[in-house]
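The lines below spell out each chain.
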Amino acid sequence: MLKGMSDADQKQNYLGTFVLRKSDDLSALQIIHGVDEKGEWESLESLDGEPRQVVRHNNQVVTVYPERELVTIRHNDTKQSLHPRLPDNIDQLDRYYSMTRLDDDRIAGHPALVVDLLPKDQYRYGYRYWVDKETGMLLRCDMMSEDNIAVEQMMFTSLDYLATAPVQAFELPQYEQFKHQLLDEPEIDTQQNTGPVWTVKQLPEGFLLTKSSMRYSQPALMRQNSSSGGIQPDLLHMVYSDGLASVSVFIEKNAGDANHLHGAMTMGAVNAFGNAVGDYFATVVGVVPVQTVQSMAESLVIQEP
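Residues numbered from 1 in each chain as written. Predicted model: local features only at pLDDT ≥ 70, side-chain atom pairs only at ≥ 80, totals over all residues. Heavy atoms only, no water.

With that settled, consider the environment of leucine 44. Take leucine 44: it is sitting in strand E3 (residues 39-46). For leucine 44, a relative accessible area of 10% translates into the label buried. In the structure, leucine 44 is positioned 28 residues away from glycine 16 in sequence and 9.8 Å away in space, judged by C-alpha atoms. Apart from the residues within four sequence positions on either side, leucine 44 is in contact with Phe18, Leu29, Gln30, Ile31, Arg52, Gln53, Val54 and Leu82. (Helix = DSSP H or I, 4+ residues; strand = E, 2+ residues; numbered from the N terminus. Buried < 20%, exposed > 50% of the residue type's maximum accessible area, 1.4 Å probe, protein only. Contact = heavy atoms within 4.5 Å.)

As structure tokens, this is what we get:
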């Protein structure tokens, strides 16, 4: 049932409002979504705090900050949604998560199917999904910690389905005079890298390396490279995922204790752990429990040829 619903969000035209809680921060956002012959469109506008609007067209993301008169543009590797969705590989997750159906509920006036997706070990969070029984839309998502406490939540408070894509909602001509800044960062596939090869010895079951590339550790280095063309990226970025949870590993030259995060740090559902490895320093970050990032950081080794 959930497999059939996993891509429902991408096929719908809708207008809604949802609240997002991360740690102690609560925000309200208006979302508009549309699909037409040009692909998938998504607009997200903050209703509190600093005015901000984000418009996504397929893999291009444009963010407008009216008070700063600034527009930023970046491109993602994939057509990643601006808000939580059901995982598209939910039928492959039963090796690492158990699935339990709970009593039906109602969210934003829509009847909802409620399902728990709970981890079979301590290395990933659990999820509780409320899914529209008629359309398959994800109406609410609670991310659950090891002690069954919601560490992050998203919930629609209003949702109206539309007959056609509201194209005018994705047009931003009023901001053409703002300063435009491209945020795309050059990356080099590690197959072209002549530096050391790293591996994680204690990798939680099911986590696989999905991306490995070299990036710039500082914006100044990136700017120097664009002007001189002689400075190579100095930060190795590796991404591991089980298809739902994701962890990033950053490795760079050790620049001294004052320039790195040592040990653990928690930011809501996000945990990070920093650890020196010889002449290098590794920082592991992910929306996973702290023991996951710690074990990965402490088991990083240079792979012998």
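Positionally, proline 84 belongs in the loop between strand E6 (70-75) and strand E7 (97-101). Judged by relative accessible area, proline 84 falls into the partly exposed class, the value being 28%. In sequence terms proline 84 and lysine 211 are 127 residues apart; their C-alpha atoms lie 21 Å from each other. Ignoring anything within four residues of it in the chain, the contact list for proline 84 reads Leu138 and Met154.

So, about the pairing of strand E20 (residues 270-277). One ladder, built from five bridges, connects strand E19 (residues 263-267) with E20; its direction is antiparallel. Looking across to E20, one finds that methionine 267 is bridged to valine 270. Following E19, the chain reverses through two residues before pairing antiparallel with E20; glycine 268 in that reversal takes a positive phi of roughly 70°. As paired elements, E20 and strand E21 (residues 280-286) share seven bridges and run antiparallel to each other. In the strand pairing of E21, valine 277 is matched with tyrosine 280. The hairpin turn running from E20 into E21, its antiparallel successor, is two residues long, and glycine 278 in that turn takes a positive phi close to 65°. (Pairing = 2+ DSSP bridges.)

In the structure shown here, the tally under the stated rule is six aromatic pairs. Relative to tyrosine 280, the ring of tryptophan 198 lies with its centre 5.3 Å away and its plane at 80°, an arrangement referred to as edge-to-face. On the criterion of sequence distance, the pair formed by tryptophan 198 in strand E15 (residues 198-200) and tyrosine 280 in strand E21 is long-range, its members being 82 residues apart. The exposure classification of tryptophan 198 matches that of tyrosine 280, with both residues buried. In textbook terms, an aromatic cluster arises when at least three aromatic residues are bridged by ring pairs, as seen for Tyr14, Phe18 and Phe156. The positively charged end of arginine 68 is found above the aromatic ring belonging to tyrosine 65, 4.2 Å away from the centroid. The aromatic ring of tryptophan 130 is capped on one face by arginine 140, whose charged end is 4.1 Å from the ring centroid. (Phe/Tyr/Trp six-rings, centres within 6.5 Å; stacked < 30°, edge-to-face > 60°. Lys NZ or Arg CZ within 6 Å of the ring centre and 35° of its normal.)

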